[in-house]
Every structure is written in C-alpha cells, then in structure tokens.
Amino acid sequence: MGNWKLFMKSGTNTKLKRPNASIPAHVEDADAEELRHPLTSTAAMGDTTMEEEEEEEEEEEKGRRRRRWRWRWWVAVAMHSVLVLSGQSAATLLGRFYYDHGGSSMWLQTLTLSAAFPVLFLPRLLLFTPQSPPLPPPSPLLKLGLAYVGLGLITAVDSLLYSYGLLYLTVSAYSLVCATQLGFNAVFSYFINGEKFTDLTLNSLVLLTFSAAILAVRSDDDPTAGRHYGLGFVLTLAASALYSLILSLMELTFEKLVRSRSLRAVLDMQIYTAAVSTAAAAAGLFISGEYRGLRREAEGFGRGEVGYVMTLIWASVGWQVTNVGLVGLISEVSALFSNVISTLGIPIAPVFAVILFKDKMDGVKVISLLLAIWGFISYFYQHYLDYKAQKKATVLGERGDARDASA
C-alpha cells in the first residue's frame, strides 16, 4: 500500500511532456480539431479554394476588360485623327477653290464652318438605341446650356477672324500665323487643363510649329494677297489664340460639366455649339447686308451656280467632319493633342493641292511635310511611354492589393 500511495502522489505532481516541443500549441490544437471534425475541416478548405478560383477569374476578367478598353481607345484616337486630317484638308482645299473662282463673302465663309451640323443628327440618332447604356448624369441643364452657348459664340467670332485674316494675308503668311495656335494651346493647356510637358512633347511642338511656319518662305506669288497686311496679321493671331482657348475650354467642359467621354457626348457638344455658331453667323450675314450680293456672286462664280452651291455645301460638311474629330480627340486625349493633329494637317493640304490643282511640289513643301511627320511621331511616342508607365503602375497596384488581401 505504501508503494501504491507513493506512485499515486508522484503521478499527480508530474506533468506530461509534449511529444515535440518545437510544434506550436495552436498547430496541435488545429490538428486535434481536424481529427475530431474531419468533414468540417475539408469543407472549409474547399471553400477557400473556391474563393481563390473566383478571385483569379475576376482578375482575368478585369484584365480582358482593360485590354478591350485599350484597343477601343487606340481605334477611337485613330478614327478621330483621320477625321481631322481628311476633313480639314478637304475643307481647306474647297475654301481655296471658293476664293480662286470669285467668292468673297466673309460672313458666308464664317457660316460655312458650322452650317452643316444637321448632318450629325443621323449618327446621333443611330447611336441612341434602347440597348444603349445610359449616360452619366450631367451637370444642371442651365450650366451645360450656358457652356454650349458660350462656346458657340466664341467659335463664330473665331471663324470670322480667320475669314478676314485669309482675306488680308497671303496664304503662306496665313499658314505661318496659324501655326502659332499650337504655342497658344500649350499655354492654355498648362494653366486650364493641367497639361504636363516632357522633352518629347516640347520637341513635337517645336517641330510642328516649324513645319507649318516654313511654308511662309515660299517665293511664289500668291493671288490671294490682301491690302491690309498688318490688320490681317493681328486678326489671324487673335483667331489662333481664340481657337486654342476654345479647345482647352471644351476639354474643361467635358471634365466638369458633361462628365462623359462617349461618342454620343462628343456629337452632342458639336451639334449644340455648331447650332449656336450658325445662328450667330447667319445673323451677321443679314445684319452686315452681305446677303444682298450672294446672288451676284453665285452668278459670277467660275464654275457656275451649281458649282458655287456644291463648293459651299461640301466645304461645310468637311468642317463638320473636322470638328467632330477635334472634339473626339479632346474627349479621348486632350486639347493639346487635338491641336497637334490639326497642325499636322497644315502641310498636308499642299500635297493634295499638287494632286488636285496641279500645284508645284517644291522642296519647301517636302521639308514641311517631313517635319510634321517627325513631330507627330515624337508626340505620339510620348503618349506611348505614358501608356506603358500607366500600365506598369496599374499592375504593381493590383499586386499590392492582392498581397494586402491575402495578408
């Protein structure tokens, strides 16, 4: 009995040692829990696996959506650029055709820049279908309406200044002064839109400016020379500054009031501003009394009355195509980029003039075109670098979010 009591006493005071002291207690507890409830533990592991698979599928779907968006963006930018270059070249050549064959009405030319806006209602109606996603709610209608009215009136004044500038200046001098719009736009984009400049951007601006300006050194006589050279220079310079301001204000309107970058929003802005500009130009045409001489101008037109009407109609359609492309580029990229594409088109018009009007293709035009292409590639390469940097930052951010979620 004594030995039995001694054994019981020692057993109660002795603690059992763990088989492996290096294994944490909570791990052993989890193992024990799994042994007690094996089905519950397996189900939990299955739920975790399913959640991980769902997260992977969600990430893959996000990646596909980003790739689709990138392709849509590149296609939209290319399409709007083609609209600007083709429409601007066609409208410029038709404007020259109008002056060369006896046209002289400044207010009619101003009206031509916006009067064809009703043709935009067709694509606008086609885009409005019951399956179309709703646009985000815009700003109050009064603010948006005032913005469209203001932009339309400024556009009408700008068109009139350009018309008078072309009347008083030679075509080469007119091109030189118009090239300053890129410099004005750079200033307005910096202060109004917060545009950042890099070495490639500045290089592009300089090249495109010189590309347009070099046309002024042409030595051939220009039959469109005006009498008041100084006044024409001031008016064209003011028109270039005003044009650049319009582009920056349009970008600001998209960001603050329209709040949408869709093609429908682009068409809406162009339709409403062009309607206001057309009304202002029509009022100026009748108030100035120029409408009284239009019949005589049509009868004396070098290509006949039908050619007179068709020239004005297609020039107006060309300007609407140009404006839709410009507004689209403002929506997709920036006001500065839209002006870069517009400036790129200045030396393109003489190339088409060689084909259509048998103009002489001299070395100055070739150099101007090469500089424009170089400047355009430089600016576009900067956008490509920005796109790569943004893509890298997005991937790193997603990886960081994934690590935070797993932790």
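Here, residues in each chain are numbered from 1, in the same order as that chain's written sequence. Local features are withheld for residues below a pLDDT of 70 in this predicted model, meaning they are given only at 70 or higher, and side-chain atom pairs are given and counted only at 80 or more; totals for whole chains, interfaces and linings count all residues. In computing side-chain values, all of the structure's heavy atoms are included and hydrogens and water are not.

A. Structural detail: the packing of helix α10 (residues 229-258) against helix α14 (residues 335-344). Between α10 and α14, the least distance of the axes is 8 Å, while the angle of their chain directions is 140°. By the angle class used here, α10 and α14 are oblique. Between α10 and α14 the crossing geometry is right-handed. Where α10 abuts α14, its residues Y243, S244, L247, S248 and E251 lie against A335, S338, N339 and S342. Each residue gets one label: Ala, Val, Leu, Ile, Met, Phe, Trp, Tyr, Cys and Pro are nonpolar, Asp, Glu, Lys and Arg are charged, and the others, such as Gly, are polar. Of the residues belonging to the contact of α10 with α14, the class tally is three nonpolar, five polar and one charged. Angles shown run from 0 to 180 degrees and are taken between the N-to-C directions of axes, each axis being a line fitted to C-alpha atoms and, for helices, limited to the stretch in contact. Only DSSP runs of H or I reaching four residues or more are called helices, and only runs of E reaching two or more are called strands; each is numbered from the N terminus. Any angle that is under 35 degrees is reported as roughly parallel, and any over 145 degrees as roughly antiparallel; angles of 65 to 115 degrees are reported as roughly perpendicular and all others as oblique. Handedness of a helix crossing follows the sense of rotation of the near helix relative to the far helix, less than a right angle counterclockwise being left-handed and clockwise being right-handed. By definition in these notes, contact holds between two residues if any of their heavy atoms fall within 4.5 Å.

B. Focus on the environment of Y174. Position of Y174 relative to the elements: it lies in helix α7 (residues 171-178). Burial status follows relative accessibility: with a 1.4 Å probe on protein chains alone, a residue under 20% of its type maximum counts as buried, one over 50% as exposed, and anything between as partly exposed. When its relative accessible area of 17% is taken as the criterion, Y174 is described as buried. Put simply, Y174 and L237 are 63 residues apart on the chain and 9.3 Å apart in space, counted from C-alpha to C-alpha. Y174 has contacts with Y162, G165, L166, L169 and T236, leaving out every residue within four places of it along the chain.

C. Representation of the pattern of salt bridges in the model. By salt bridge we mean one thing: a side-chain nitrogen of Lys or Arg within 4 Å of a carboxyl oxygen of Asp or Glu. With the rule as written, the count across this model stands at four salt bridges. Of the charged contacts, one joins D268 and R124 as a salt bridge, the two residues approaching to 2.7 Å between their closest N and O atoms. With D268 in helix α11 (residues 263-288) and R124 in helix α5 (residues 121-127), the pair connects residues that are 144 residues apart, well separated along the chain. Of the two residues, D268 and R124, both sit in the buried class. The salt bridge partner of E299 is R295, with a shortest N-O separation of 3.3 Å. Taken together, the residues span about one helical turn, with E299 and R295 both in helix α12 (residues 294-299) at a distance of four residues.

D. Structural detail: the side chain of R124. Classification of R124 as buried rests on a relative accessible area of 15%. Within the local environment of R124, its side chain forms a polar contact with the side chain of D268, the two groups lying 2.7 Å apart. Ignoring any residue separated from it by four or fewer positions in sequence, one finds R124 in contact with R264, L267, D268 and I271. Between N or O atoms, a polar contact is any pair within 3.5 Å; within protein, one atom must be a potential hydrogen donor and the other a potential acceptor, and residues adjacent in sequence are included only when both atoms are from side chains.

E. Expanded view of the nonpolar core. Only buried residues count toward a nonpolar core, which is a set of Ala, Val, Leu, Ile, Met, Phe, Trp, Tyr and Cys residues joined through side-chain atoms within 4.5 Å. Counting residues in hydrophobic clusters, the biggest one holds 60 residues, and the most contacted among them are F254 and Y308. Sequence-distant contacts of F254, defined by excluding residues within four places in its chain, comprise R259, S260, R261, A265, V266, M269, V327, I330 and S331. Core analysis: the next-biggest nonpolar cluster, separate from the first, contains six residues, F117, L120, I271 and V324 among them.

F. Quick peek at the environment of S175. For S175, the location among the structural elements is in helix α7. Judged by relative accessible area, which is 12%, S175 ranks as buried.

G. How the structure looks around the confidence of the model for the protein. Known as pLDDT, the predictor's per-residue confidence is scaled from 0 to 100. Taken as a whole, the protein shows an average pLDDT of 76; of its residues, 69% reach a score of 70 or greater. No element of the protein has a lower mean pLDDT than helix α1 (residues 2-13), which averages 45, and none a higher one than α12, which averages 92. This model gives residues 1-28 a pLDDT under 50, and the stretch forms four contacts once residues within four places in sequence are excluded. Low pLDDT, under 50, characterises residues 30-35; the stretch is placed with one contact to residues that sit more than four places away or in other chains.

H. Spotlight on the side chain of S105. Within the secondary structure layout, S105 lies in the loop between α3 (38-100) and α4 (106-112). A polar atom in the side chain of S105 sits 2.6 Å from the side chain of E290. Once residues lying within four places of it in the same chain are set aside, the contact partners of S105 are Y98, L285, E290, L294 and E297.

I. Quick look at the packing of aromatic side chains. Working definition: rings of Phe, Tyr and Trp (its six-membered ring) pair if their centres are within 6.5 Å, and the pair is stacked with planes under 30 degrees apart, edge-to-face with planes over 60 apart, and tilted otherwise. Under the criterion given, the structure shown has ten aromatic pairs. Ring centres of Y190 and F191 lie 5.1 Å apart, and the angle between their planes is 90°; this geometry places the pair in the edge-to-face category. The class of Y190 is partly exposed, set by a relative accessible area of 47%.

J. Spotlight on the environment of L263. Here L263 lies in helix α11. Classification of L263 as partly exposed rests on a relative accessible area of 35%.

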